[in-house]
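Geometric and topological summary
Residues per chain are reported as follows:
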Amino acid sequence: MPSFTTTERASLKEMIASRQPGHGLPRPFYHEDLLLRAEMEFIWRQGWLFAGHSCQIPSPGDYFLYEVDGDSVILIRQDDGSVRALYNVCRHRGSVICGEPEGHVKRFICPYHQWTYDRSGRLLLWRGMQEGLDKSELGLHPAHVREVEGFIFISLAQEPPDFEPAYRTIAPVVHPQGLTHAKVAKIMDFDVHANWKLVWENNRECYHCNVNHPQYIKANFDHYNADDTIERIATQLEKVTARSKAKWEAQGLAVTRTETGLTEFPDPDHHIWYSANRTPLVDGFVCESLTGQPVAPLMGDYTDPDVGTLRVRMLPNFWNHSSCDHGVTVRLTPSGLTGTQIRMIWLVDEKAQEGKDYDLETLLPFWLLTAEQDWQICLNQQRGVSSHAYTPGPLSTYKEYNLENFLRWYLQEMASGIG
Amino acid sequence: MPSFTTTERASLKEMIASRQPGHGLPRPFYHEDLLLRAEMEFIWRQGWLFAGHSCQIPSPGDYFLYEVDGDSVILIRQDDGSVRALYNVCRHRGSVICGEPEGHVKRFICPYHQWTYDRSGRLLLWRGMQEGLDKSELGLHPAHVREVEGFIFISLAQEPPDFEPAYRTIAPVVHPQGLTHAKVAKIMDFDVHANWKLVWENNRECYHCNVNHPQYIKANFDHYNADDTIERIATQLEKVTARSKAKWEAQGLAVTRTETGLTEFPDPDHHIWYSANRTPLVDGFVCESLTGQPVAPLMGDYTDPDVGTLRVRMLPNFWNHSSCDHGVTVRLTPSGLTGTQIRMIWLVDEKAQEGKDYDLETLLPFWLLTAEQDWQICLNQQRGVSSHAYTPGPLSTYKEYNLENFLRWYLQEMASGIG
Amino acid sequence: MPSFTTTERASLKEMIASRQPGHGLPRPFYHEDLLLRAEMEFIWRQGWLFAGHSCQIPSPGDYFLYEVDGDSVILIRQDDGSVRALYNVCRHRGSVICGEPEGHVKRFICPYHQWTYDRSGRLLLWRGMQEGLDKSELGLHPAHVREVEGFIFISLAQEPPDFEPAYRTIAPVVHPQGLTHAKVAKIMDFDVHANWKLVWENNRECYHCNVNHPQYIKANFDHYNADDTIERIATQLEKVTARSKAKWEAQGLAVTRTETGLTEFPDPDHHIWYSANRTPLVDGFVCESLTGQPVAPLMGDYTDPDVGTLRVRMLPNFWNHSSCDHGVTVRLTPSGLTGTQIRMIWLVDEKAQEGKDYDLETLLPFWLLTAEQDWQICLNQQRGVSSHAYTPGPLSTYKEYNLENFLRWYLQEMASGIG
């Protein structure tokens, strides 16, 4: 089993200790292969990872693959409606069983020697094998999987952290959005030349929004912070919040976020980091679209477009922003020290028809522009933090407190893994 | 000299010991750089490697290059008709001497400072060098080379294993095929994203043939094994064998393989692994072609197309299948842990003329299709064995006994090298 | 800080010791990652590196980037006319500040959070940061920089070697060339698949010129050495030298090189390696051009084209050949063990107009052909020295004495760094 030598652990501890609170991470965190290996073992292979959406596999036998850290995992809808996660590796000679990234199967038949498994991974047939072997021991290896309101999470850990607290937080907030009866309007993949942590660091502050995200800041309050929420903005937010609260309560939608600025991640003590909240949009915006107006039919339980914006996140690889009419999911997957594969998924109501009920030209731009602005930022930062001259600077306590929280989480998990 | 530290040797021994008999190789065998280095030193630089065909360099001064493990070796026909293997590295400043992969030279003239060597590698001229140096010590470094019935093998070892047993086995079986007066009809190169051992593992069993090789199984018996050779097939094989035996003995062709299933590698005890045998084809097939009929003029000593199929192999990088009218050679060269460069060479009689006596459209497909089917299989397996979830499964004692032999050879050689 | 373990230092010392005087470098010098790391630390990050030309940034606020060993350095003209070298890394979160390879700025504004620096690197503005932080400590990190007669050199070292001796040698020899009021006629970039030392080894001898550089040898004497300077050539050189000397002295141009063969590098004892000299061209040539005649207006102080050729070099990354009418600069930057990025810059007088006073078709070929011939040579050598069979050969004491000097310099610097 690949693990870490005493010297390597000492070296990792030294790296962890070298970080000055209130500052960014030192250069080795973006530069050392050893660190990436440790992140894979202590973070990516320990926690829960977003794999995809329930609506990508509506019917029994539907599957898609999620490939992470060299592993290919099959997410497949079972006959009883549940989802299983199975490693895409034949138990005979190790061939992948599903070559295509998504599809539908009656049974899994390995293309090499036709060992045949049912949809749950149980080995059914193995022509040509000798007597005396036990088929029941040779089913496809399973991974842990949890489905919550249209999101599918997996864990590659032997014993993953308890998912229940996350489930209890996420489920009630997300339920009204109706993501369990959504459909995929568009999937886009990006190969961003930046370390995965830089993508999160970017996501965890809106200090950069004013200049970089002209579309985003029109709709949102969260680029305002304690230091620059002028009275006019504070009053506006108060009014919007009061109005939204009254209205949403009547619809059974909890308002869980009423301040400016970004929300914090709760509960870093249980080794699982998630959040879910609903927050008001700026007056005149009932949707994160370029016009602020809906770009698709209302989703889920909503009867009025004025539901603010719903936000769900789980470290280390997932966030979703949903408006009344559509949702946008981002999934991160590291590819080496200086690369991150990023998948964006746009969701609309399952009954909405493209060309009639919505158009990609109006559905995509708000988040596509904002995302591409962020990817460029991450790339610029990657170029700089690789430099020998890079020294971590001070973080703004007004504007980068959530980034500081992210780094605290990250360092805590790493330290806990290294032991 | 690059070699292995005590820690590295211990780590290699642990890997070797981790393999469970009757099962595939564990993940590190396809994943660790250390292992690849050890394979290069203990297998690829120790044994004999197929470089190319005698007929690629018919006349004195004709040469071709074989590039393996960072080394470029010149195979050149000498004035006395023999072949020499010379490292393509000038003894002055180390420039390659032959830039082109094949050609004809009177003498070797280094393009850098025109140091000049004769065809045997002896240094003749070195304008501008001072007195007091000894030219005779500065000839091109030679590698070991052996030519056997149209095949050229080299060894990069200081003291290669004794080639005589291989020569004595291969020469009489191959002689009637007339490969010494053949010509190249086609060379094709493939860059297969799979570890070189996976290519051999695939080659050493026909368990996968039924579904994957629709063309191959029409012509051959070797996908039948003890467990599935039904009576009709057994009878058919018996008849074909009896008839072939009588006929071939009359022509002086030894029948050396009369059972279904793949032949074993003989003689792993002498650190050289080769085999050569002739085996019958299915009734109605006198050629490994799509129709079963010859696709080129008869080769060598053959007067009747019904000569079955001739098969020659040498580990770690060579096999040849020859029919009455053409032969197909496969040469493997590792390129990193997860890549293999594969060259296929189609041979016909030297007097055969393309467009008149044979066409590539009928000559190539049988083995080209079969090969490409195999490369896809290997690629699928590479994807899977890279997974952390890959665990080696049991091998079929009915169908994968030669694969087990291959692995035994491999592990024995590695263990012997590690010491 | 990444540095070297005791084992690594021992291994480096062993490599250094393995080199036999009067011979090339052994294979590990072109093959081991450890060695490249050591070269970066002990040579490239210790000495002075040529970055570019003064005339690339004539006006205050003009800048260009030089990227080396993962670092991006901004060379920017200051308001007082001097040049500064600033690391292109924001002191906040490490983003690069200048994305474009060259341009003009009033102030540096980081694209991420708009931290704003003046042209000298001083931090001016940082909207949103908390009280109690000291702006004056967070200016852009500077690198050392020296400008000498139109050449800009930088050093990434904390304490670079004294530049004064180099300045005193180079300035008077280069001054008449007028490179401070030149302009760039053409920049070309080459990605050469060869270790940076091979490019220097090639540059440090003209043993290879006869056959490889048909254009170059028509104009120059330096491919003649003690062993092959026939009487006719010696007489010719003597005449040219005498004539040139008289003429040049009248113009205040020092003749600093009158023998055939290449000049030596002076002063390896002060850890800085440079040379600058003027040397005659062959009769009939007053310019390193294909015809031997000027291809652009006279530069600098020259009133007569017959000024021979001016040559300036500094290890590890720079040389310039200048004729009466134009200069050609070569800048080397390692990219890994087996790659060198090479930039060539052609300079002419700043008042010369393309299409009227000069044409690229006549300006470029002499050095472009010669350079491309050399890059091919280096590539051939790289292929060979990677071979396990490569053994360093004897160097010609007649023709490769400067290469021996280069290697001595290199090994001395490495040994001194390793300690």
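One can find the structure itself at the top, above this paragraph.
So, here's what we can say about the structure. What you see is a predicted model, and the numbers here were worked out from it, not measured in a lab.

Here is what the cut-offs are and how they apply
- Residues numbered from 1 in each chain as written.
- Chains lettered and ligands numbered in written order.
- Predicted model: local features only at pLDDT ≥ 70, side-chain atom pairs only at ≥ 80, totals over all residues.
- Buried ≥ 20, exposed ≤ 12 C-beta atoms within 10 Å, placed from the backbone.
- Helix = DSSP H or I, 4+ residues; strand = E, 2+ residues; numbered from the N terminus.
- Arc of directions from axis to C-beta.
- Contact = placed C-beta atoms within 7 Å.
- Least-squares fit on C-alpha atoms with pLDDT ≥ 70 in both.
- Pairing = 2+ DSSP bridges.
- Axes fitted to C-alpha atoms, helices over the stretch in contact; angles between N-to-C directions.

**Let's talk about helix H2 (residues 33-44) of chain C**
Residue and element names in this part refer to chain C.
- For H2, every residue scored as buried is listed here: Leu35, Leu36, Ala38, Glu39, Phe42 and Ile43. One side of H2 holds all its buried residues, which, seen down the axis, span an arc of 160 degrees.
- Considering only its buried residues, H2 is in contact with helix H1 (6-17) and helix H10 (401-418).

**So, the environment of Arg45 of chain C**
All names here are of chain C.
- Relative to the elements of secondary structure, Arg45 occurs in the loop between H2 and strand S1 (49-53).
- On the basis of neighbour count, Arg45 is assigned to the partly exposed category, with 19 C-beta atoms found within 10 Å.
- C-alpha of Arg45 to C-alpha of Asn195: the two residues are 150 residues apart in sequence and 17 Å apart in space.
- Once you skip the residues sitting within four places of it in the chain, Arg45 turns out to touch Met40, Asp69, Leu156 and Ala157.

**Things to note about the environment of Ile345 of chain B**
Residues and elements named next belong to chain B.
- Assignment of secondary structure puts Ile345 in strand S16 (residues 340-349).
- Look at Ile345 and you get buried, because 21 C-beta atoms sit within 10 Å.
- Each C-alpha atom of the pair Ile345 and Arg331 lies 8.4 Å from the other, and the pair is 14 residues apart in sequence.
- Those residues in contact with Ile345, other than ones at most four positions away along the chain, are His53, Val184, Ile187 and Thr329.

**Points about the relation of the copies chain A and chain B**
- You can overlay chain A on chain B at an RMSD of 0.0 Å; the transform is a turn of 120 degrees with a shift of 0.1 Å along its axis. Look at the turn and shift together and you get a three-fold axis relating the two. Ranked by how close their C-alpha atoms come to the rotation axis, the residues of chain A are headed by Thr7 of chain A, at 8.0 Å.

**Some points on the sheet that holds S1 of chain C**
Residue and element names in this part refer to chain C.
- The 7 strands are arranged S1-S10-S9-S4-S3-S2-S5 in an open sheet whose pairing can be described as antiparallel. Here the strands that pair on one side only, and so sit at the sheet edges, are S1 and strand S5 (102-104). Here the average twist between neighbouring strands, direction ignored, is 30 degrees.
- Pairing between strand S4 (residues 83-87) and strand S9 (residues 142-148): 2 bridges, direction antiparallel. Bridging from a neighbouring strand, Ala85 pairs with Ala143 of S9.

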